[in-house]
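A closer look at the structure
One letter stands for each residue in the lines below.
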Amino acid sequence: RKEVEQDPGPFNVPEGATVAFNCTYSNSASQSFFWYRQDCRKEPKLLMSVYSSGNEDGRFTAQLNRASQYISLLIRDSKLSDSATYLCGINAGNNRKLIWGLGTSLAVNP
Amino acid sequence: DGGITQSPKYLFRKEGQNVTLSCEQNLNHDAMYWYRQDPGQGLRLIYYSQIVNDFQKGDIAEGYSVSREKKESFPLTVTSAQKNPTAFYLCASKKDSGANVLTFGAGSRLTVL
């Protein structure tokens, strides 16, 4: 089993739809969780950190489920500009390295 | 504005040549990282450095070398020993305390002809 796994997609959704991605992790000692957005041929940029209590930023909601060892990202009212690849990054304890998922590709269609 | 600058953005080299990719940050970050990204492979860690004059191998260090002589700079050399050097190379940095949020440079796209 990979340390961090994501469904690569692509997810094709119409504008205005709600879409959710999950990212599962294998190390129960994982402490820090992040969602990054990466546009085609660009660098990843931090979208949200994921907190134990869950957090929301506008149309984006991130949640952590420690019991089942996954994080999720929910996008409401999808915009064309949300089309990108969404990467999850997870830090497992003291090794100071983030482990990355392969990314989930989202295409929002008019 | 603070950030990470990678250069060159695009680089073409002949097989067998060493190339050095530059990474400079003015964020006063302690740790710096080099990743390689290939289609369908995600981000793979090449080398990282948590402090000046010290660095560690990542998951795919073979064929690469780095130095960390200054806090701001972490250049990566792709040597002729790297079998498949054509890739998108990303440099990143973070403060060594607090949240583990990585900031990335815009990347360098290396093509070996």
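Residues numbered from 1 in each chain as written. Chains lettered and ligands numbered in written order. Predicted model: local features only at pLDDT ≥ 70, side-chain atom pairs only at ≥ 80, totals over all residues. Heavy atoms only, no water.

Aromatic rings in a pair are described by how distant their centres are and how their planes are angled relative to each other. Residue and element names in this part refer to chain B. Enumeration over the complete set of coordinates arrives at twelve aromatic pairs over all chains. Judged by centre distance (5.9 Å) and plane angle (10°), the rings of Tyr33 and Tyr48 are stacked. Taken together, the residues Tyr33 in strand S4 (residues 31–38) and Tyr48 in strand S5 (residues 42–51) connect sequence positions 15 residues apart. Considered together, Tyr33 and Tyr48 belong to a single accessibility category, that of buried residues. (Phe/Tyr/Trp six-rings, centres within 6.5 Å; stacked < 30°, edge-to-face > 60°. Helix = DSSP H or I, 4+ residues; strand = E, 2+ residues; numbered from the N terminus. Buried < 20%, exposed > 50% of the residue type's maximum accessible area, 1.4 Å probe, protein only.)

Residue and element names in this part refer to chain A. Of the two faces of strand S11 (residues 104–109), the one holding Thr104, Leu106 and Val108 is buried and the one holding Ser105, Ala107 and Asn109 is not buried anywhere. The sheet contact formed by strand S2 (residues 11–14) and S11 spans four bridges and is parallel. By the bridge assignment, Phe11 is partnered in S11 with Leu106. Summarising the sheet, strand S9 (residues 84–91) and S11 pair through three bridges and their orientation is antiparallel. Note on S11: the bridge partner recorded for Ala84 is Leu106. (Pairing = 2+ DSSP bridges.)

A word on the side chain of Ser49 of chain A. Tracing the chain through its elements places Ser49 of chain A in strand S5 (residues 44–50). By relative accessible area, Ser49 of chain A is classed as buried at 13%. Those residues in contact with Ser49 of chain A, other than ones at most four positions away along the chain, are Phe33, Phe34 and Asn55 of chain A together with Val101 of chain B. (Contact = heavy atoms within 4.5 Å.)

What follows is about the sheet that holds strand S3 (residues 19–25) of chain B. Residues and elements named next belong to chain B. Taking strand neighbours across the sheet as the criterion, the four strands line up as S1-S3-S8-S7 in an open arrangement whose pairing is antiparallel. Unpaired on one side and paired on the other, strand S1 (4–7) and strand S7 (64–66) mark the two borders of the sheet. This sheet shows a mean twist of 20° between the axes of neighbouring strands, independent of strand direction. Bridge count between S3 and strand S8 (residues 76–78): three bridges; the pairing is antiparallel. Across the sheet, the residue bridging to Thr20 is Thr77, located in S8. (Axes fitted to C-alpha atoms, helices over the stretch in contact; angles between N-to-C directions.)

Residues and elements named next belong to chain A. As paired elements, strand S6 (residues 55–57) and strand S7 (residues 60–65) share three bridges and run antiparallel to each other. Opposite Asn55, over in S7, you have Ala62 as the bridge partner. Linking S7 back to strand S8 (residues 70–75) in an antiparallel pair, the connection comprises four residues, with Gln69 at a positive phi of about 55°.

A few words now on the interface of chain B and chain A. In this assembly, 23 residues from chain B lie in contact with 18 residues from chain A. Taking both sides of the interface into account, the surface hidden between chain B and chain A amounts to around 1600 Å²; carbon and sulfur atoms contribute 53%. The largest contributions to the chain B side of the interface with chain A come from Leu43, Asn100 and Phe104 of chain B, which together make up 28% of the buried area. Along the contact surface separating chain B from chain A lie zero salt bridges. Summed over the shared surface of chain B and chain A, the result is three residue pairs in polar contact (both at pLDDT 80 or more). Mapped by element, the contributors of at least two residues to the side of chain B that touches chain A are S4, S5 and strand S9 (87–94) of chain B. (Buried area = accessible area lost by both parts, 1.4 Å probe. Salt bridge = Lys/Arg side-chain N within 4 Å of Asp/Glu carboxyl O. Polar contact = N/O pair within 3.5 Å; in protein donor to acceptor, adjacent residues only side chain to side chain.)

What follows is about the state of the cysteines. Residues and elements named next belong to chain A. Enumeration according to the criterion identifies two disulfides over all chains in this entry. Each sulfur of the disulfide joining Cys23 and Cys88 lies 1.9 Å from the other. Disulfide Cys23 to Cys88: torsion about the S-S bond roughly 65°, handedness right-handed. With a gap of 65 residues between them, Cys23 in strand S3 (residues 19–25) and Cys88 in strand S9 connect regions that are remote in the sequence. On the basis of relative accessible area, Cys23 is assigned to the buried category, the value being 0%. For Cys88, a relative accessible area of 0% puts it in the buried group. Looking at Cys40, it has no disulfide partner, and the nearest cysteine sulfur is the one in Cys88, 19 Å off. (Disulfide = S-S within 2.5 Å.)

Nothing here speaks to function; it is all geometry.
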